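# Remarks on the overall topology
The primary structure of each chain is shown beneath.
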Amino acid sequence: MKSLFLKISLWTCVALLSVACSNREKLSDREFLIEGKISGLEDSTVIHLARLDGDMNEIIASNTVMNGRFTFKEEAVSNPEQMMIIPRGDGFSSRILYVWVAPKTRIRIEGNGKIHPTWSVKSSIPYQKEENRYTDKNRDVIAESARISVEENAVFSKIMAATSSEETLPFRKIVDSLRVITDSLIVEELYGDIGIMEKTDISPVWLDRMNGVSGTLKYIQMDAERKTDLRKKVEELYSRMSEEDRNTPLGYRITAELFPPTVVNAGDDMADADLLDTDGNTKHLSDYLGKYLLLDFWSRGCGPCIMALPEMKEISETYKDKLTVISISLDTENVWKKTMSEHDMPWVNIRDPKSMGGVAANYGVTGIPNYIMISPEGKIIDKWMGFGEGFLREKVSANLK
């Protein structure tokens, strides 16, 4: 009797385990599952899952860590699709952990502590395995860079809390010394990435790395000899890109970063390009000459850009007889139209399909919101970046006078 009871119990356990495993693995045709197991994280740590759409990162889900675990069960919009894991809280750097997902795929994330860019991502997706090669190659450098980033953010907090410029001086010296170390680590990581890219076929992962390498090379400070050596290597990588690769928003940006166009400034003739309206018709900035133009380069993912919209509406209505406001979106078509449906934007709205690699590069746009004032004759009057309440109104009023 006891033997029979044990057999029944064992078969019951096996059956229950089988059902549990079946339920655990059941995913719909579009769903993917991310399961994270990270030691050393405090309970209540919030982890975000973000979707990439052009230059915009949109948080699509958030999960709170409990006993070192977090999960995301969402739907993929493409197969495969690159997403981002973004933890929030003290001790996390601003770097991103890239994760590739696909329908009916399980992804495991494992690690220890808050250096999340070095967490291990395991799945059957080939692009993830390719992504992991770069992390594995530069793991120690990435970890040190993330650690210094956290330290730098803490010092910045002290600078922001300071009540005088003299009080900030010792903290600014610390930031300067940390940046020297950071720059050297970035150069080391560049060499690591390039070394892999030289031996790897072009893919979405390769192109994403190429974008990062070319953008970093443009802005990073290093000695002339190293910069010349790195530039030669990157240009050789660029020569491998097909016309199809180059004629994409990412390709346009890579080209603009490596071979920057001539930037127009105050007093120069305006730059123009093939832009698109909401119906997909080609538009040019010159179509709107005859009045003053206020160009607004913006994106949905830019908080100050969205904050500026009410003031933009006020300006467009106040000066409608002599000024045309033109917002130039740097987002993908879907993101752009979705944002317009959510906000009142009764002025000219067009989109640059080349994003930051298009006419924005001709105007020297490196951050948004970015504004350009143009005369009725097509001459640039003024350029500025950023938004603060009332500042946009003051700048437009002063330039119209």
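These remarks concern the structure in this document. The shown structure was predicted, so the numbers you read here are calculated from the model rather than taken from an experiment.

### Describing the overall build of the protein
Secondary structure summary: the protein contains twelve helices and 15 strands in total. Here the protein holds 401 residues, and the buried ones make up 43% of them. Intrachain contacts of the protein at a sequence separation of at least 6 include 65% that bridge at least 24 residues. Carbon together with sulfur atoms contributes 52% to the accessible area of the protein, which is approximately 20,800 Å² in total.

### Re the pattern of salt bridges
Counted according to the given criterion, the structure contains 24 salt bridges. Arg147 serves as the salt-bridge partner of Glu144, at 2.7 Å between the closest nitrogen and oxygen. Taken together, the positions of Glu144 and Arg147, both in helix 2 (residues 126–161) and three residues apart, correspond to about one turn of that helix. Its relative accessible area of 29% is what places Glu144 among the partly exposed residues. Where Glu235 meets Arg231, a salt bridge forms, and the shortest distance between an N and an O atom there is 2.8 Å. With Glu235 and Arg231 both in helix 5 (residues 224–239), this residue pair falls four residues apart, about one helical turn. When salt bridges that share partners are traced, they join Arg108, Glu110 and Lys122 into one network.

### Section: the sheet that holds strand 3 (residues 56–64)
Taken together, four strands build an open sheet; the order of strands is 3-2-5-6 and the sheet is antiparallel. A strand with exactly one partner marks an edge of an open sheet, and here the two such strands are strand 3 and strand 6 (97–101). On average, each strand axis in the sheet is inclined to that of its neighbour by 35 degrees, with strand direction left out of account. Relative to strand 3, strand 2 (residues 46–53) runs antiparallel, the two being bridged by eight bridges. Its bridge partner being in strand 3, Val46 is matched across the sheet by Thr64. The sheet strands contacting helix 2 are strand 5 (81–88) and strand 6, and the helix crosses strand 6 at an angle near 160 degrees.

### Let's talk about the pairing of strand 13 (residues 348–351)
Two faces belong to every sheet, and in a regular strand the side chains alternate between them. Pairing analysis gives four bridges linking strand 12 (residues 323–329) to strand 13, with the strands arranged parallel. Across the sheet, residue Ile328 finds its bridge partner in strand 13, namely Ile350. Of the crossover connections in this fold, the one passing from strand 12 over helix 10 (residues 333–342) to the parallel strand 13 is right-handed.

### Looking at the environment of Asn138
Residue position: Asn138 is located in helix 2. What makes Asn138 buried here is its relative accessible area of 3%. Sequence separation of Asn138 and Asp193 is 55 residues, and the distance between their C-alpha atoms is 7.9 Å. Each residue touching Asn138, except ones within four places of it in the same chain, is listed here: Glu188, Glu189, Gly192 and Asp193.

### Here's the deal with unusual backbone geometry
In the segment running from Asn79 into Pro80, the intervening peptide bond is cis, with an omega of -5 degrees. As for its position among the elements, Pro80 is in the loop between strand 4 (69–75) and strand 5. The amide bond that connects Ile368 to the next residue, Pro369, takes the cis arrangement and shows omega of 0 degrees. For Pro369, the position within the fold is in the loop between helix 11 (359–362) and strand 14 (370–374). With phi around 85 degrees, Ser44 is a residue other than glycine that occupies positive phi space.

### A word on the state of the cysteines
Within the structure shown, the criterion is met by one disulfide. Residue pairing for Cys302: its cysteine sulfur links by disulfide to Cys305, the two sulfurs lying 2.3 Å apart. Because the torsion about its S-S bond is 85 degrees, the bridge between Cys302 and Cys305 counts as right-handed. Given a relative accessible area of 9%, Cys302 falls into the buried group.

### Looking at helix 7 (residues 249–258)
At 3.6 residues per turn, the α-helix brings residues three or four places apart onto the same side. Residues of helix 7 that are buried include every one of Gly251, Ile254, Ala256, Glu257 and Leu258, and no others. As for helix 7, its buried residues are in contact with helix 4 (204–219), helix 5, helix 6 (243–246) and helix 11.

### Some points on the packing of aromatic side chains
According to the stated counting rule, one finds six aromatic pairs in the structure shown. The structure contains a cluster of three or more aromatic residues connected by ring pairs, namely Phe70, Phe72 and Trp119. Positioned over the ring face of Tyr252 is Lys354, at 4.6 Å from the centre of the ring.

### Brief notes about helix 10
Those residues of helix 10 lying buried are Val335, Trp336 and Thr339. Taken end-on, helix 10 shows its buried residues confined to a sector of 100 degrees, consistent with a single buried face. Set apart from the buried face of helix 10 by more than 90 degrees, the exposed residues are Asn334 and Ser341.

### Concerning the side chain of Arg246
Residue placement: Arg246 occurs in helix 6. The buried category is assigned to Arg246, whose relative accessible area is 18%. Here Tyr238 takes part through its backbone oxygen, which lies 2.9 Å from a polar atom of the side chain of Arg246. Setting aside its immediate chain neighbours within four residues, Arg246 contacts Tyr238, Ser239, Met241, Gly251 and Tyr252.

### With respect to the environment of Ser203
On the secondary structure map, Ser203 appears in the loop between helix 3 (165–197) and helix 4. With near-sequence residues (within four places) excluded, Ser203 lies in contact with Tyr127 and Glu130. At a separation of 2.8 Å, a polar atom in the side chain of Ser203 contacts the side chain of Glu130.

Conventions adopted
- Residues numbered from 1 in each chain as written.
- Predicted model: local features only at pLDDT ≥ 70, side-chain atom pairs only at ≥ 80, totals over all residues.
- Heavy atoms only, no water.
- Helix = DSSP H or I, 4+ residues; strand = E, 2+ residues; numbered from the N terminus.
- Buried < 20%, exposed > 50% of the residue type's maximum accessible area, 1.4 Å probe, protein only.
- Contact = heavy atoms within 4.5 Å.
- Areas by Shrake-Rupley, 256 points an atom, 1.4 Å probe, with all protein chains shown as cover.
- Salt bridge = Lys/Arg side-chain N within 4 Å of Asp/Glu carboxyl O.
- Pairing = 2+ DSSP bridges.
- Axes fitted to C-alpha atoms, helices over the stretch in contact; angles between N-to-C directions.
- Right-handed = clockwise from strand over helix to strand, strands pointing away.
- Disulfide = S-S within 2.5 Å.
- Phe/Tyr/Trp six-rings, centres within 6.5 Å; stacked < 30°, edge-to-face > 60°.
- Lys NZ or Arg CZ within 6 Å of the ring centre and 35° of its normal.
- Arc of directions from axis to C-beta.
- Polar contact = N/O pair within 3.5 Å; in protein donor to acceptor, adjacent residues only side chain to side chain.

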